[in-house]
Amino acid sequence: MKKKLIFGGTALLLLASCASVPTGPSVMVLPGSNKTFEQFRFDDYECRQYASEYSGGKTAEQASADAGVRSAAAGAAIGALAGAAIGGNANSAAAGAGLGAAGGAIAGTGAGAQSAHTVQGRYDIGYQQCMYAKGHQIPMAASRYDRPYRPSRPMAPPPPPPPGTPPPPPPQS
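Quantities reported herein were computed from a predicted structural model and do not represent experimental measurements.

To continue, consider the state of the cysteines. All told, the structure shown has 1 disulfide when counted by the stated rule. At a sulfur-sulfur separation of 2.1 Å, the disulfide partner of C47 is C130. Between C47 and C130, the disulfide has an S-S torsion of -70 degrees and is therefore left-handed. One end of the pair, C47, is in helix α2 (residues 37-54); the other, C130, is in helix α4 (residues 90-133), with 83 residues separating them in the sequence. There is no split in this pair, since C47 and C130 are both buried.

Structure, rendered in C-alpha cells:
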C-alpha cells in the first residue's frame, strides 16, 4: 500500500512539473523605419536585459517553479498534520504527507501558471517600452473606432404618431 502511494505521488509530481513557459518576449516588435537589422538585434538584446530586470529578475519559468514548490511543500505539511491527527501514528503522517504533496503539486500547477503569466506580462511590457523608446515599431490591431461609422443600410423613417396625439411643441430658440 505504501509503495503504491509513493509511486502515485511521484507520478503526480512529475506530471505537475511538465509546464513549459517561454523565456523571451511573447510580443511582436518590428525594426524602426530608419534602423538596420543589426541595430534591431543589438536593441533586442539590450531590451531583453531591461525587461528581465523590469519583471523582477525572474523568468516566467522560475516564477512558475517557485509557486509550484511552495504549494507542494504546504500541501505536504498540511497532509502530514492531518494524517497524524487522524491516524495517530507515523505511517498515517507519512501517507498524509504524500497525499498532501501530490495535492499541493496539482494545485501548484495552477498557481505556477498564474504566476508565470503575471511575470510574462510584466516582461512583455518592459520589452515593448524599451524597444519603442529606441525607435522600433509595435504593431497594433486596428480598433473598430478608428474607422468612420457607415450604417449598413439607410435608416427607416420613424413611424407616424398614433391618431389623436397632440402635435409636438414648436422648437424654442
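Now that the structure has been shown, the text picks up again.
Our next topic: α2. Helix length check: α2 (18 residues) gives 25 Å between terminal C-alpha atoms against 26 Å at 1.5 Å per residue, within 8%. Among the residues making up α2, those that are buried are F40, D43, D44, C47 and A51. The arc that holds every buried residue of α2, seen down its axis, measures 115 degrees, which confines them to one face. Within α2, the exposed residues directed more than 90 degrees away from the buried face are E38, R41, F42, Y45 and E53. Downstream of α2 by one or two residues, G56 has phi in the positive range, about 100 degrees.

What follows is about the pattern of salt bridges. On inspection of all chains with the given rule, the structure shows 2 salt bridges. Between R48 and D44 there is a salt bridge, and its shortest N-O distance comes to 3.0 Å. With a gap of 4 residues between them, R48 and D44 both fall in helix α2, about one helical turn apart. Overall, R48 belongs to the partly exposed group, its relative accessible area being 33%. Classification of D44 by relative accessible area gives buried; the value is 15%. Note that K134 is salt-bridged to E46, the shortest N-O span being 2.5 Å. One end of the pair, K134, is in the segment after α4; the other, E46, is in helix α2, with 88 residues separating them in the sequence. Here K134 falls in the partly exposed class, since its relative accessible area comes to 25%.

Cut-offs and rules
- Residues numbered from 1 in each chain as written.
- Predicted model: local features only at pLDDT ≥ 70, side-chain atom pairs only at ≥ 80, totals over all residues.
- Heavy atoms only, no water.
- Disulfide = S-S within 2.5 Å.
- Helix = DSSP H or I, 4+ residues; strand = E, 2+ residues; numbered from the N terminus.
- Buried < 20%, exposed > 50% of the residue type's maximum accessible area, 1.4 Å probe, protein only.
- Expected span 1.5 Å × (residues − 1).
- Arc of directions from axis to C-beta.
- Salt bridge = Lys/Arg side-chain N within 4 Å of Asp/Glu carboxyl O.

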